Amino acid sequence: MSTVIEDVRARKIFNSRGEATIEVEITTIDGFGAASAPSGASKGKAEAIAYPPGGVEEAVRKVEELIAPELIGLNADEQEDIDNILHELDGTKNFMKIGGNTAYAVSLAAADAAANSYGMPLFQYLGGYLACNMPYPLGNVLGGGKHALGKVPDMQEFLVLPIGAPNFIAAAEANIRIHRRVKDLLIRVDPYFTGGRGDEGAWAPNISNEGALEVVSKACEEVSNEIGFKCRVGLDVASSSLWDLNRQRYVYANEGVERDSGEQLEYILGLIKKYNLIYVEDPFHEDDFESFSELTSKVKGCLICGDDLFVTNEERLNAGVSEGAGNAIIIKMNQVGTLTDTWKTTRLAKESGYVPVVSHRSGETTSFHIAHLAVGFGCPIIKTGVAGGERIAKINELVYIEEILGDRARMARIKI
Ligand code: PGA
Ligand code: ZN
């Protein structure tokens with residue numbers, strides 16, 4: 001089986017928001033791989049820059065004129081070398097010159113092509129024969145913030161985690177059922193609800209943050225009782241979007257409330273207790289490691305997850321680990337660019353007792369690769385939405401993976 005790269009091509013395609021994005025195809029002597037990049041709406045300041053100044057067109061040109069000549073003739077399975085070349089060609093810390101999304105598409109297409117050349121599913125190529133733990137899907141069922149318009153909740157995502165599910169397909173079905181139940185309950189609360197949804201397919205109603213928590217908790221409880229296993233509620237506060245630097249306050253504009261850091265801490269602690277939350281992402285803005293540490297030390301049995309805080313960056317996670325900031329980390333490969341960097345951050349998370357949560361972005365393509373990253377890297381949770389073609393593409397891929405694994409498949413263990 002030869003993984004020698006014969007050709008590297010790039011093109012402009014579109015994501016679920018209709019924005020331009022990049023797709024890269026890599027052909028080897030014995031195989032073929034492709035990957036396309038997602039994009040965020042509530043990005044962290046410390047993320048890789050998605051595109052060079054000339055946008056997707058310039059990124060496509062850079063792949064064909066600059067990157068392809070360096071990769072042709074190499075083996076697609078020399079992942080670290082390929083990723084080093086991407087760093088060298090760029091020369092900046094945050095992929096300003098070639099774009100983090102360009103690096104993402106090339107790096108992942110190389111892995112995809114290598115797996116295909118060996119005739120192996122990507123998750124097995126990445127994780128080996130023993131990679132057989134299925135992640136729990138963390139599903140966005142109601143949302144607001146930067147993912148929707150109008151008088152939606154200020155908090156970005158109200159999530160569910162089917163923690164008692166015996167297998168992946170049952171877990172996926174539970175989330176779908178809760179998503180539907182949330183809609184039924186919303187119609188009762190607001191007869192004018194239009195059925196509108198945000199960027200990730202979550203319902204986007206005119207409701208307060210606590211109103212949303214009440215509805216999602218009720219839906220979760222009802223469905224848990226019907227299906228016979230436990231589903232619990234989580235939140236992505238996406239607090240960097242609420243933080244007003246000048247006023248030093250979190251501004252909940254639709255709710256008409258402001259909270260300073262201390263009040264935010266008390267507020268989040270109260271919500272964790274009242275709604276028995278299992279997961280809270282970005283409860284504080286992206287530079288507030290200290291509040292993350294304080295909250296983490298005060299809660300038990302709840303994942304405190306850093307997204308904008310860590311941006312899948314090993315150095316930032318290292319800083320968090322030494323301060324005890326959080327106990328979980330969002331893994332979004334395009335925040336950091338390459339597969340090698342993503343794997344290093346995931347490895348540090350596991351070594352440090354942080355739960356790695358592989359995640360989609362609000363702007364997605366129909367690409368399914370993150371399903372393979374979750375299983376291949378042994379991440380016990382995947383956050384990838386519940387409804388919408390680009391979200392279901394990942395869920396369905398995990399259904400296939402569970403089928404491929406057969407008797408060897410097990411639900412992963414989440415250490416909280
Ligand atoms: P983004 O947000 O993909 O729009 O950046 C998703 C998240 O905050 O988890
Ligand atoms: Zn987030």
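Quick notes on the rules
Residues numbered from 1 in each chain as written. Chains lettered and ligands numbered in written order. Predicted model: local features only at pLDDT ≥ 70, side-chain atom pairs only at ≥ 80, totals over all residues. Heavy atoms only, no water. Near = heavy atom within 4 Å. Polar contact = N/O pair within 3.5 Å; in protein donor to acceptor, adjacent residues only side chain to side chain. Areas by Shrake-Rupley, 256 points an atom, 1.4 Å probe, with all protein chains shown as cover. 1 Å grid on protein atoms, 1.4 Å probe; cavity = no way out; pocket = protein on both sides within 12 Å on 5 of 7 lines; lining within 4 Å. Sits in = over half its atoms within 2 Å of the grid points. Nonpolar A, V, L, I, M, F, W, Y, C, P; charged D, E, K, R; others polar. Domains from an automatic or database assignment. Donors = N, O, S within 2.8 Å, 3.2 Å for Na, K, Ca; no water. Helix = DSSP H or I, 4+ residues; strand = E, 2+ residues; numbered from the N terminus. Buried < 20%, exposed > 50% of the residue type's maximum accessible area, 1.4 Å probe, protein only. Contact = heavy atoms within 4.5 Å. Buried area = accessible area lost by both parts, 1.4 Å probe. Salt bridge = Lys/Arg side-chain N within 4 Å of Asp/Glu carboxyl O. Pairing = 2+ DSSP bridges. Right-handed = clockwise from strand over helix to strand, strands pointing away. Axes fitted to C-alpha atoms, helices over the stretch in contact; angles between N-to-C directions. Core = buried A, V, L, I, M, F, W, Y, C linked by side-chain atoms within 4.5 Å. Points joined across faces, edges and corners; volume = space filled by probe spheres on them.

Some words on the site of ligand 1
Around ligand 1 there are 15 residues in total, and Ala 41, His 147, Gln 156, Arg 361 and Ser 362 lie nearest to it. Take His 147: an N or O atom from its side chain is 2.8 Å from an oxygen atom of ligand 1. One of the side-chain nitrogen or oxygen atoms of Lys 332 is found 3.2 Å away from an oxygen atom of ligand 1. A total of 280 Å² of accessible area belongs to ligand 1 in isolation, and the protein chains cover 99% of it. Placement of ligand 1 is best described as lying within the largest cavity. When its residues are assigned to classes, the shell around ligand 1 shows one nonpolar, five polar and nine charged. Residue contributions to the shell around ligand 1 reach at least three from each of two domains, namely domain 1 (5–120) and domain 2 (127–411).

Describing the coordination of the zinc ion (ligand 2)
Protein-derived coordination of the zinc ion (ligand 2) comes from Asp 236 (OD), Glu 281 (OE) and Asp 307 (OD), at a distance range of 2.0 to 2.2 Å. Positions of the donor residues of the zinc ion (ligand 2), expressed as sequence spacing, correspond to D-x44-E-x25-D. Taken together, the residues Asp 236 in strand β7 (residues 232–236) and Glu 281 in strand β11 (residues 279–281) connect sequence positions 45 residues apart. The burial state of Asp 236 is the same as that of Glu 281; both residues are buried.

Side note on the domain arrangement of the chain
For the chain, the assigned domains read domain 1 (5–120) and domain 2 (127–411). At the junction of the two partners, domain 1 supplies 36 residues and domain 2 supplies 32 residues. Of the roughly 2600 Å² buried between domain 1 and domain 2 on both sides combined, carbon and sulfur atoms contribute 51%. For the interface between domain 1 and domain 2, the tally reads four salt bridges.

Things to note about the sheet that holds strand β8 (residues 243–244)
The three strands are arranged β8-β9-β10 in an open sheet whose pairing can be described as antiparallel. In the strand order of this sheet, the two ends are held by β8 and β10 (257–259), each with one partner. Of the strand pairs in this sheet, strand β9 (residues 249–252) and β10 are connected by three bridges, and their pairing is antiparallel. Pairing of Tyr 252 across the sheet is with Val 257, part of β10.

Brief notes about the pairing of strand β13 (residues 328–331)
Residues Ala 328 and Ile 330 line one face of β13 and the alternating positions Ile 329 and Ile 331 line the opposite face, and both faces are buried. Pairing of strand β12 (residues 303–306) with β13 involves two bridges; the strand directions are parallel. Across the sheet, the residue bridging to Gly 306 is Ile 329, located in β13. Each parallel crossover has a hand, and the one from β12 via helix α9 (residues 314–323) to β13 is right-handed.

Looking at the sheet that holds strand β3 (residues 32–36)
Each strand in a sheet pairs with its neighbour through backbone hydrogen bonds, running either in the same direction (parallel) or in the opposite one (antiparallel). Spatial ordering of the open sheet is given by β1-β2-β3, a layout of three strands whose pairing is antiparallel. On the outer flanks of this sheet lie β1 (5–14) and β3, each paired with one strand and no other. For this sheet, the mean inter-axis angle between neighbouring strands, taken without regard to orientation, is 15 degrees.

With respect to the nonpolar core
Within the largest apolar cluster, 131 residues are counted, with the highest numbers of intra-cluster contacts made by Ile 22, Val 24 and Val 182. Of the residues forming this core, the biggest block, 11 residues, is contributed by helix α3 (residues 100–117). Two domains each provide a minimum of three residues to this core, namely domain 1 (5–120) and domain 2 (127–411). Once you skip the residues sitting within four places of it in the chain, Val 182 turns out to touch Val 141, Leu 142, Trp 203, Val 215, Val 216 and Ala 219.

Some remarks on empty space enclosed by the protein
Within this structure, the stated rule accounts for four cavities of 30 Å³ or more. Roughly 80 Å³ of volume is contained in the largest cavity. Lining the largest cavity we find 16 residues, and of these Ser 42, His 147, Gln 156, Glu 200 and Lys 332 sit closest to its centre. Residues that form the lining of the largest cavity fall into these classes: one nonpolar, seven polar and eight charged. Each of domain 1 (5–120) and domain 2 (127–411) accounts for three or more of the residues forming the lining of the largest cavity.

Examining the pattern of salt bridges
Using the criterion set out here, one finds 25 salt bridges in the structure. Taking the shortest distance from any N to any O, the salt bridge between Asp 244 and Arg 247 comes out at 3.7 Å. Taking relative accessible area as the criterion, Asp 244 reaches 22% and is therefore assigned partly exposed. Linking Arg 316 and Asp 287 is a salt bridge whose minimum nitrogen-to-oxygen distance equals 3.8 Å. Placement of Arg 316 in helix α9 and of Asp 287 in the loop between β11 and α8 (289–298) is noted, with a sequence separation of 29 residues between them. For Asp 287, a relative accessible area of 42% translates into the label partly exposed.

Quick word on the side chain of Gln 264
Along the chain, the position of Gln 264 falls in helix α7 (residues 261–274). At a separation of 2.7 Å, a polar atom in the side chain of Gln 264 contacts the side chain of Tyr 252. Polar contacts involving the side chain of Gln 264 include one to the main-chain carbonyl oxygen of Pro 283, which spans 2.8 Å. Each residue touching Gln 264, except ones within four places of it in the same chain, is listed here: Val 237, Ser 239, Tyr 250, Tyr 252, Arg 259, Pro 283 and Phe 284.

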